[in-house]
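# Structural features, examined
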Amino acid sequence: TLILGAGPIGIAIYNQIKNNGLVKVYDTNNNLSQIKESDFLKTLPKYDCIIGCTGKTTISKNLHKLISAGTSLISVSSSDREFDSLYLRKLVARNNNCHANLFINELLLVN
């Protein structure tokens, strides 16, 4: 699991799941990051779950190709921006249920 953001929410999630296997925190604005910014793109494909806690786009649509098929993308911020979700949502048929999980290009966008 990769947690994007080392603010209060990201650290709280990390503390809850850190004993459940490989869990790393990445944050460009915080010295609590466990991944160097220069290594972020190289490590991105190895995670099967990415939890966004930043409230800003951390993985733009140009980086989606680096995410492994079957990866779950979970945004816990109020804005659902970490994964360029607006772009992802445009790739599927319109859905009136804003709480539905979406399978998009072999990725699971969890709501």
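Scope of this entry: the structure provided in the associated data block. (Residues numbered from 1 in each chain as written. Predicted model: local features only at pLDDT ≥ 70, side-chain atom pairs only at ≥ 80, totals over all residues. Heavy atoms only, no water.)

### Brief notes about helix α1 (residues 8-17)
The line we're drawing: The buried label applies to any residue whose accessible area, calculated with a 1.4 Å probe on protein chains only, is under 20% of its type's maximum; exposed applies above 50%, and partly exposed to all values in between. Strands here mean DSSP runs of E at least two residues long; helices mean DSSP runs of H or I at least four residues long; both are numbered from the N terminus. In this description, one arc is meant: the one made by directions from the helix axis to the C-beta atoms. Two residues qualify as a contact provided that any one of their heavy atoms is within 4.5 Å of a heavy atom in the partner residue.
Among the residues making up α1, those that are buried are Gly10, Ile13 and Tyr14. Along the long axis of α1, the arc covered by the buried residues comes to 100°, so they all point the same way. Opposite the buried face of α1, by more than 90 degrees, sit the exposed residues Pro8 and Gln16. Residues of α1 that are buried in the fold lie against β1 (2-4), β2 (24-26) and β3 (49-52).

### Examining the layout of surface pockets
Definition in use: Space inside and on the surface of the protein is sampled on a 1 Å grid over the protein atoms alone, with a cavity defined as a set of points where a 1.4 Å probe fits but cannot get out and a pocket as an open set with protein on both sides within 12 Å along at least 5 of 7 lines; lining residues have an atom within 4 Å of a point. Grid points are joined across faces, edges and corners, and a volume is the space filled by probe spheres set on the points. Each residue gets one of three labels, nonpolar for Ala, Val, Leu, Ile, Met, Phe, Trp, Tyr, Cys and Pro, charged for Asp, Glu, Lys and Arg, and polar for the others, Gly among them.
Taken as a whole, the largest pocket encloses approximately 170 Å³ of empty space. Lining the largest pocket we find Arg89, Val92, Ala93, Arg94, Asn95, Asn97, Cys98, Ala100, Leu102 and Asn111. Taken together, the residues of the lining of the largest pocket break down into 5 nonpolar, 3 polar and 2 charged.

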